[in-house]
Amino acid sequence: MNNSLWTYPWDVADDGLDDALATIRDVAGCNGVSLTAAYHNFTQLRPHSRGPKIYMGEGGVAYFKTDQSKYGRIKPVESKLVEEIDVFRAIESAKSRFGLDLNAWTVVLHNSRLATTHPDCAMHTVLGDSLKHHLCPSNPESRHYAVALASDLAASYDLRSIELEAFGFHPFLHETHHPKVGAPLGDWGDYLLSICFCPSCKVRGEDAGVDVASVAQLIESEVLRILQGDSDEAPDHSGEAGRERLEAEHSEFAAYSETLENSVVSLVSEIKAAVEAVAQTRVLLIGRGLERKSLLSDPGLTRAVQSADGLITAVYGQTPAETAQSLIIASEQAADREVILGHQTHYPEIPNSDVWREKVSVSIEGGATGLNFYNYGISTINQLRGIKRALQG
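To start, this report covers the structure provided alongside it. (Residues numbered from 1 in each chain as written. Predicted model: local features only at pLDDT ≥ 70, side-chain atom pairs only at ≥ 80, totals over all residues. Heavy atoms only, no water.)

### Examining the overall build of the protein chain
Each helix and strand counted, the protein chain has 15 helices and 13 strands in total. Computed over its C-alpha atoms, the radius of gyration of the protein chain comes to 21 Å, within 12% of the 21 Å expected for a compact globule of 393 residues. Referenced to the eigenvectors of the C-alpha coordinate spread, the extents of the protein chain come out at roughly 60 × 50 × 40 Å. Across the protein chain, the fraction of contacts at a sequence separation of at least 24, relative to all contacts at a separation of at least 6, is 77%. When the accessible surface of the protein chain is totalled, it reaches about 15,800 Å², and 50% of it is carbon and sulfur. (Helix = DSSP H or I, 4+ residues; strand = E, 2+ residues; numbered from the N terminus. Rg over C-alpha atoms; globule rule 2.2 N^0.38 Å. Contact = heavy atoms within 4.5 Å. Areas by Shrake-Rupley, 256 points an atom, 1.4 Å probe, with all protein chains shown as cover.)

As structure tokens, this is what we get:
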């Protein structure tokens, strides 16, 4: 079974290559490293780091040597770390010595640096605001960037897989900066403000025969009902339930939703084809289990996974029973493809507890083809030990 530890390159650089890989293999008991290739803004507390205990990320940069000629108007900005060490190349050279696979954990479109620099390529709300934390998967330049990013990685390094995170549309409230939201949005309002009406999405809808103007009017009225209404409480239904209601009541909205999902599915297909053209690297999609923060419906995610090589479903915060249910859903979506469950290895989860070990056991016995653990630099050494104990049963 493939057991990979999600890992940041700056943690490997600060801890030293051999020591970091030995910890991943011997302390955590993993046989793979899922190394960050592109990432968003963050601040990290590093319990066992040999470097600074608090690390401030550069935000929206690539952590590998990029081939800029592959890209169009949107080009990745390389991390300053790459000037000092290419951690991908270093692990590539050492992985056979440690018996480890190398995967590229890649946050694709959730990039405040690039979306701010290219606001016309970002998602847009129905109110006309550009969401400068996320590139739109319908926009041609954003798609060129996403495909080139994956192809660049596959052509440059000996990877087992590229793990795609944030490859579709993104929630409004999942921003880079501290969101200041006083209106009672709730999950439903968050979903409404996450429906993209950028020029590219509207053209796709119109080309499919959708009355996009009427859909925009419908969504805008729903948003304004929350923003300008008299209720101080958020709507009592989820984004998923609200979407199902609107799709059942408004055929044009259902048709527009389908065009958005088709955009994501076709992008995954293009990425897979581009990777396949240069390497045997597998393409895996990172999703969630019972907590569906993805803007893809279950059928939409299923179609996307069918265009890739497998699905990684995060089961953070779930009970063993919920983990088992997430695995059933993921297995149905992936069909005969890889099904990997992603487990959180740090507080508030307790990797050394009987409950956490049961979650890992349920994952293995339930037929998962692999497990990913989050993550090397955030966890304490004792928490990393808990992974190995759980894997050993």
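### Structural notes on the packing of helix α14 (residues 354-365) against helix α15 (residues 381-392)
α15 packs onto α14 with a crossing angle of 50° between their chain directions and a minimal axis gap of 9 Å. When the interaxial angle is binned, α14 and α15 end up oblique. In this structure, α14 crosses over α15, and the sense of that crossing is right-handed. The residues of α15 that touch α14, namely those facing W356, R357, V360 and I364, are G386, I387, R389, A390 and L391. A class-by-class count of the residues in the contact of α14 with α15 yields 6 nonpolar, 1 polar and 2 charged. (Axes fitted to C-alpha atoms, helices over the stretch in contact; angles between N-to-C directions. Parallel < 35°, antiparallel > 145°, perpendicular 65-115°, else oblique. Left-handed = near helix turned anticlockwise from the far one by under 90°. Nonpolar A, V, L, I, M, F, W, Y, C, P; charged D, E, K, R; others polar.)

### Here's the deal with the pairing of strand β13 (residues 370-374)
Across the 5 residues that make up β13, a large majority, 5, are buried. Note that strand β1 (residues 2-7) and β13 share 5 bridges and pair parallel. If you follow N3 over to β13, its bridge partner there is L371. Pairing of strand β12 (residues 338-344) with β13 involves 5 bridges; the strand directions are parallel. When the bridges of β13 are listed, L341 appears paired with L371. Assessed by its sense of winding, the connection that carries the chain from β12 through α14 to β13 is right-handed. (Buried < 20%, exposed > 50% of the residue type's maximum accessible area, 1.4 Å probe, protein only. Pairing = 2+ DSSP bridges. Right-handed = clockwise from strand over helix to strand, strands pointing away.)

### Examining the environment of L35
Here L35 lies in strand β2 (residues 32-39). For the pair L35 and V278, spaced 243 residues apart in sequence, the C-alpha to C-alpha distance is 20 Å. With residues near it in sequence (within four places) discarded, L35 still touches T7, Y8, P9, V12, V87, F88, I91, L102, N103, A104 and W105.

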